Protein chains: 2
Amino acid sequence: MQALFSHIRQYCDFSQEAIESLGSVLKPVKLEKGEFLTTEGKVCSSVYFVEQGCLRGYYNLDGKEITYWFAFENNFVTSLLSFVTRNPGMENIQLLEDCKLWEISYDDLHRLYKKHTDVNTLGRIINERYYVMLEERFVSNHFKEARDRYENLLATAPHILQRVPLGHVASYLGMTQETLSRIRSKS
Amino acid sequence: MQALFSHIRQYCDFSQEAIESLGSVLKPVKLEKGEFLTTEGKVCSSVYFVEQGCLRGYYNLDGKEITYWFAFENNFVTSLLSFVTRNPGMENIQLLEDCKLWEISYDDLHRLYKKHTDVNTLGRIINERYYVMLEERFVSNHFKEARDRYENLLATAPHILQRVPLGHVASYLGMTQETLSRIRSKS
DNA sequence: TCTATTTTTTGACTTATGTCAAAAGCGATG
DNA sequence: CATCGCTTTTGACATAAGTCAAAAAATAGA
């Protein structure tokens, strides 16, 4: 749980009571490679913090799996659309490695939001960060060509290429696996 | 200011004091078509609420203007990356019509965040909504073909096509103006 | 160590979309 | 109502990336 707390402290101050409240509702979860945290059509009712391992979020679009994020150690993970709206999501979250996670339920989190300003602030800040990251990716993915997108990934997040099968990475970069393979062989 | 308050109430409860505090720091701003709220290289230090008019956010990427959002009545507008990180942004925000806006500064907003839980909650919720919208657009834009993206826009946000020049819309949809023009003529 | 399965690469071909350039349409201004 | 500037359309051509299929390489299991 220490990894989580020290990660949180990077974002904002956190009172001792808030830490304790949070600690009391976190549940440790261990799952194996290939398992799912949520799947299409389900309401995702928890946020997870990744202590160890990696995961991907993907949609099924026209019969194809579209991977649109990866999460690693010290990332928060949920199907945000479903979590926020309380409606069934389109998203699947799958473990790419065996994982150690910390889970907090929607209800517990919202009790903490009401009780501790600190937690509310944390929620807001994490959201801001995730928005900003998505925005950067949105712009670069959609308006640069395939080779640039690959090279940008190499420069900013090479660990993804080391831990994730190429097919998922290709999808994440918005190209086919064949195209990514060709780009790699010519560089 | 009523439009703003009733818009806020759609998201969450808001105490009378929070409303009053907010009201006391909001500044009315009127600007003309073509003017900018922020430009590349500047720190964006305000959030704006659009009472009347429309705007676009765009990046300069490899010498091209990439429009990646539009805002209309009842939307909040800022260069979020710059606003959140306090660093110069890459983004330009330009008025596409004469506008009536309400402005709140970073400092005032963060004073309110500290003082009123309600405002903090509002900030979090608005962020969540904006994240979710961006995510939907990210997936549909990047993984569907040009014609589908256009038809999706027609179905979900036809007002954009009525109020915004085609070149900006094409960029927003991730295609050239020529392609968008051809798609429209063949449908 | 030797299969069996999954992942990655390579090849041949197709196609959607981009590029460049010119024409047409439209709206504002004097 | 004629002209100027901006927006949109059309045409001809180029090309990045997709598709389908098979071979090669890597990984995991027995």
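Caption draft 1: Geometry of the protein's contact with DNA strand D. What surrounds DNA strand D is a group of 18 residues, the closest being Ala146(A), Thr179(A), Leu166(B), Ser181(B) and Arg182(B). Within 4 Å of the protein, the contacting atoms of DNA strand D are drawn from sugar and phosphate to the extent of 57%. Within the side chain of Glu178(A), an N or O atom sits 3.1 Å from a base nitrogen of DNA strand D. The side chain of Arg182(B) places a nitrogen or oxygen atom 2.9 Å from a base nitrogen of DNA strand D. Listing elements by their share of the surface near DNA strand D, those giving two or more residues are helix H9 (177-185) of chain A together with helix H8 (166-172) and helix H9 (177-185) of chain B. The element that contributes the greatest number of residues to the surface near DNA strand D is H9(B), accounting for six residues. Residues belonging to the surface near DNA strand D are distributed by class as follows: four nonpolar, seven polar and seven charged.

Caption draft 2: Examining the state of the cysteines more closely. Residues and elements named next belong to chain A. Summed over all chains, the structure comprises zero disulfides over all chains. Free cysteine Cys 99: the closest other cysteine sulfur is in Cys 54, separated by 6.6 Å. Judged by relative accessible area, which is 4%, Cys 99 ranks as buried.

Caption draft 3: Region of interest: the interface of chain B and chain A. Contacts between the two partners involve 34 residues from chain B and, on the opposite side, 34 residues from chain A. Here chain B packs against chain A, burying approximately 3,800 Å² in sum over the two surfaces, 70% of which is carbon and sulfur. Looking only at chain B, the three residues that lose the most surface to chain A are Arg124(B), Tyr131(B) and Phe138(B), adding up to 19% of its buried area. At the junction of chain B and chain A, the tally comes to zero salt bridges. Our count for the chain B to chain A interface comes out at eight residue pairs in polar contact (both at pLDDT 80 or more).

Caption draft 4: Region of the structure containing the protein's contact with DNA strand C. Around DNA strand C, the structure places 18 residues, and the nearest of them are Leu166(A), Gln177(A), Arg182(A), Ala146(B) and Thr179(B). Put simply, 57% of the atoms of DNA strand C that lie within 4 Å of the protein are in sugar or phosphate. In this structure, a phosphate oxygen belonging to DNA strand C sits 3.0 Å away from a side-chain N or O atom of Arg184(A). In this structure, a phosphate oxygen belonging to DNA strand C sits 2.6 Å away from a side-chain N or O atom of Thr179(B). Those elements giving two or more residues to the surface near DNA strand C turn out to be helix H8 (166-172) and H9 of chain A together with H9 of chain B. Among the elements that line the surface near DNA strand C, the one with the most residues is H9(A), at six residues. Looking at the surface near DNA strand C, its residues break down into four nonpolar, seven polar and seven charged.

What counts and how
Residues numbered from 1 in each chain as written. Chains lettered and ligands numbered in written order. Predicted model: local features only at pLDDT ≥ 70, side-chain atom pairs only at ≥ 80, totals over all residues. Heavy atoms only, no water. Near = heavy atom within 4 Å. Polar contact = N/O pair within 3.5 Å; in protein donor to acceptor, adjacent residues only side chain to side chain. Helix = DSSP H or I, 4+ residues; strand = E, 2+ residues; numbered from the N terminus. Nonpolar A, V, L, I, M, F, W, Y, C, P; charged D, E, K, R; others polar. Disulfide = S-S within 2.5 Å. Buried < 20%, exposed > 50% of the residue type's maximum accessible area, 1.4 Å probe, protein only. Contact = heavy atoms within 4.5 Å. Buried area = accessible area lost by both parts, 1.4 Å probe. Salt bridge = Lys/Arg side-chain N within 4 Å of Asp/Glu carboxyl O.

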